[in-house]
Amino acid sequence: MKTSITFFGKFLMFSKAYPRFLNVLLVLFCLLFFDNCRRRDECEGSPKSNLNYDSTHFDSSEQAKIPDWQGDSLYFYSDAGDTAYMYCNWQSPPNNFEIQSRSSGTFPCPYLENFCYPFQQYNYHSNEPTLNDFQIIFFKESNLINQFPKEPPKAYLALSQYDYQLLSDVGFNNLTNDSVLLMNGLIEKGWSTANKTSSLNLNVGILKLNIKRGKKWTLFKYKLNN
């Protein structure tokens, strides 16, 4: 206790001897304190802490490959002799976009990076449980998703839980063995996924589906709503 009093007394003597020096230190301390508070406040909850990266849109050749399937009905038979239907009961609006977010721990302000990309989704209803809630998705990468090496965004077509393929590889002149005869008598060509479990036609929809550890479904009848 005596030591504390002695130290405090010496501190008072020092402050009286050097009041101007202490005033300068006090002013500098206040400036640094309030500056740190201001920086911390900017980091907390500020919209500036979120970075948003816009994506390119589907170009004209890609847009031409995105169909309108809402209301279309597809009827299948299986390798076991069963029948089923798939009905496109919902598709997302045209020019739809999705946002993929990821966090960054960059000091001193952690922030979110939001990648926006075009996204078109189709949902199917079916009386067959393995075909019900089937989804077909068209999407294009955000601008900054592929940085090493820097490449332009790629567009994809994905069959839910099966496979995906570059949209640029999906055309009207490949894989003739997956063709389908339309109502107007023309043969339209489809495509197969890399693991050969399914095929699709851009004008009709699903042609074949080989459910893993299940049945193989093949299209035999369809009704185009458009």
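Further up the page is the structure itself.
In this report, we go over the structure that sits alongside the text. (Residues numbered from 1 in each chain as written. Predicted model: local features only at pLDDT ≥ 70, side-chain atom pairs only at ≥ 80, totals over all residues. Heavy atoms only, no water.)

**Topic: the overall build of the protein**
Logical step 1: Summing up its helical and strand segments, the protein has three helices and 14 strands in all.
Logical step 2: When each of the 226 residues of the protein is scored for burial, the buried share is 37%.
Logical step 3: For the protein, the share of sequence-separated contacts (at least 6 apart) that also reach a separation of at least 24 residues comes to 53%.
Logical step 4: Looking at the protein as shown, the accessible area adds up to about 14600 Å², and 58% of this sits on carbon and sulfur atoms. (Helix = DSSP H or I, 4+ residues; strand = E, 2+ residues; numbered from the N terminus. Buried < 20%, exposed > 50% of the residue type's maximum accessible area, 1.4 Å probe, protein only. Contact = heavy atoms within 4.5 Å. Areas by Shrake-Rupley, 256 points an atom, 1.4 Å probe, with all protein chains shown as cover.)

**Some words on unusual backbone geometry**
Logical step 1: Here the phi dihedral of Asn-95 falls at roughly 55°; this positive angle occurs in a residue that is not glycine.
Logical step 2: Considering the arrangement of structural elements, one finds Asn-95 in the loop between strand S3 (83–91) and strand S4 (97–104).
Logical step 3: The backbone of Asp-133 sits at a positive phi, close to 65°, despite the residue not being glycine.
Logical step 4: Positionally, Asp-133 belongs in the loop between strand S5 (111–126) and strand S6 (134–140).

**Looking at the packing of aromatic side chains**
Logical step 1: A complete count under the given rule lists eight aromatic pairs for this structure.
Logical step 2: Consider the rings of Tyr-117 and Phe-119, whose centres lie 6.1 Å apart with planes at 80°: the pair is edge-to-face.
Logical step 3: The buried category is assigned to Phe-119, whose relative accessible area is 13%.
Logical step 4: For the ring pair Tyr-156 and Tyr-164, a centre distance of 5.5 Å and an interplane angle of 75° mean the geometry is edge-to-face.
Logical step 5: On the accessibility criterion, Tyr-164 (53% relative accessible area) is exposed.
Logical step 6: Ring pairing ties together the aromatic residues Trp-69, Tyr-122 and Phe-138, which thus form one cluster.
Logical step 7: Looking at Lys-221, its charged tip hangs above the ring of Tyr-75, at a distance of 5.8 Å from the centre. (Phe/Tyr/Trp six-rings, centres within 6.5 Å; stacked < 30°, edge-to-face > 60°. Lys NZ or Arg CZ within 6 Å of the ring centre and 35° of its normal.)

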